[in-house]
Amino acid sequence: MTQINKLKIFNDPIYGFITIPNALIYDLIQHPYFQRLRRISQMGLSYLVYPGANHTRFHHALGCMHLMQKAVDVLRFKGVQISLEEENALYIAILLHDIGHGPFSHAMEKSIVEDVHHEAISLLFMNKLNIEFNGQLSLAIQVFKGEYNRKFMLQLISSQLDMDRMDYLKRDSFYSGVAEGNVNSERLIQMMNVVDDYLVIEEKGIYSVEKFLMSRRLMYWQAYLHKTSLVAELILMKILKRAKELTLKGVVLPCSDPLLYFMQNKVTIDTFDDSTLDLFAQLDDFDIIGALKSWQKNDDFILSNLSKMIINRDLLKIKLTTEKVTQEDLQPLQERFAALKSISLSDTNYFIFKGKIKNQAYSKEADPIRILKKDSTIEDVIESSDQLNLKSLSKLVTKYYLCFPKQLL
């Protein structure tokens, strides 16, 4: 195949045309590891709340690469030296930053694989691809791990104002219809510069940064931590946990081979070898949905009832509160449900449980968003902003939840 055939364009509903910059990027996008992202939803089970939120991580990764192309152009125009090799490393690192996400993302990390985070799996995929592509990803991996000497390059990929956040806020807001999340990524990128190897935003872009942080806070409360999306994800985690428990007791559950492997084995980052990675690469949302459809008919009361809840969108009741939920709050509900369904008290933990969620739009502990003032000094956005609400955005807000079956209302 001639190289020219690889310089294709994608039509994106948000940015219009996205161009593939070179043959290596094209080959990475074509790779089965990356194509899998077409079958992984970007917003997990949020489509149970926002019917349009069916977009995938494939969309998102391409969008991030497109924004990175814009950022490289702007920085070069302002005199920042970025070599062709560095440019390519930035495109590869941002394109593959989410490649380690499993089906329905975070539900998987907390149930089937033992606290193996998607970033760690992304790195395993990158290392494997690097072998396949004869070391052409080496610099991208260095940048991704924060080991390259130019700090601003990592900030473009992972910071409090990176291409990842800029794309997912704009994209998730578009597909979910939550207009408050829409950010002006174009202007934010135009305002970028590099000073002393750090990414900065020119002072005239401060209102765009304020709007960006505000949008992030609203998207968390209105979409990512929406109580219905939250309870659906919690139920999915309980289902996977129960399925794993039954499988380890020798119960044979119908599901795909890759999913069965992760249910039969304790998978930690230390045991995540090449063959495990290949099995993980075969997992996507369809494995989970397919399993839930057959598990609805299972003899196990817990597994079948929880699976039906997701498939039919008839979920547990969830109550959010600012007060801590105690074991005393749970006990009467558990006793009633155990008597009602003739199940043991310990089994009611699958249906009646508590927890907490946190939201912080801007962290003062993390690498700050730096504002380049007109007098060439640099200030944390919190200090530069005349918006009082920006200080409150850096406050950690915690809410507590209680989940229980609707019959107990």
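Here's the deal with the packing of aromatic side chains
Part 1: Under the criterion given, the structure shown has 13 aromatic pairs.
Part 2: Ring centres 5.9 Å apart and planes at 80° place the aromatic pair tyrosine 168 and tyrosine 224 in the edge-to-face group. Here tyrosine 168 is found in helix H9 (residues 163-176), whereas its partner tyrosine 224 is found in helix H11 (residues 206-224), with 56 residues between them in sequence.
Part 3: Classification of tyrosine 224 by relative accessible area gives partly exposed; the value is 21%.
Part 4: Here tyrosine 261 and phenylalanine 262 contribute two aromatic rings whose centre-to-centre distance is 5.4 Å and whose plane-to-plane angle is 90°, an arrangement assigned as edge-to-face.
Part 5: Taking relative accessible area as the criterion, phenylalanine 262 reaches 0% and is therefore assigned buried.
Part 6: Taken together, the ring pairs connect Tyr33, Phe125, Tyr261, Phe262, Phe272 and Phe280 into an aromatic cluster.
Part 7: One cation-aromatic arrangement involves arginine 38 over phenylalanine 58; the distance from NZ or CZ to the ring centre is 3.8 Å.

Concerning the sheet that holds strand E9 (residues 397-404)
Part 1: Spatial ordering of the open sheet is given by E5-E9-E6, a layout of three strands whose pairing is antiparallel. The open sheet terminates on both sides in strands that have one partner only, identified here as strand E5 (317-321) and strand E6 (353-359). Averaged over all pairs of adjacent strands, the angle between strand axes in this sheet comes to 25°, irrespective of strand direction.
Part 2: Judged from the five bridges that link them, E5 and E9 form a sheet pairing that is antiparallel. Bridge pairing in E9 places leucine 320 opposite tyrosine 401.
Part 3: This element, helix H12 (residues 227-248), spans E5, E6 and E9 of the sheet and lies at about 120° to E5.

Reading the values: rules and limits
Residues numbered from 1 in each chain as written. Predicted model: local features only at pLDDT ≥ 70, side-chain atom pairs only at ≥ 80, totals over all residues. Heavy atoms only, no water. Phe/Tyr/Trp six-rings, centres within 6.5 Å; stacked < 30°, edge-to-face > 60°. Helix = DSSP H or I, 4+ residues; strand = E, 2+ residues; numbered from the N terminus. Buried < 20%, exposed > 50% of the residue type's maximum accessible area, 1.4 Å probe, protein only. Lys NZ or Arg CZ within 6 Å of the ring centre and 35° of its normal. Pairing = 2+ DSSP bridges. Axes fitted to C-alpha atoms, helices over the stretch in contact; angles between N-to-C directions. Contact = heavy atoms within 4.5 Å.

Without other data, these values stay purely geometric and don't point to any function.
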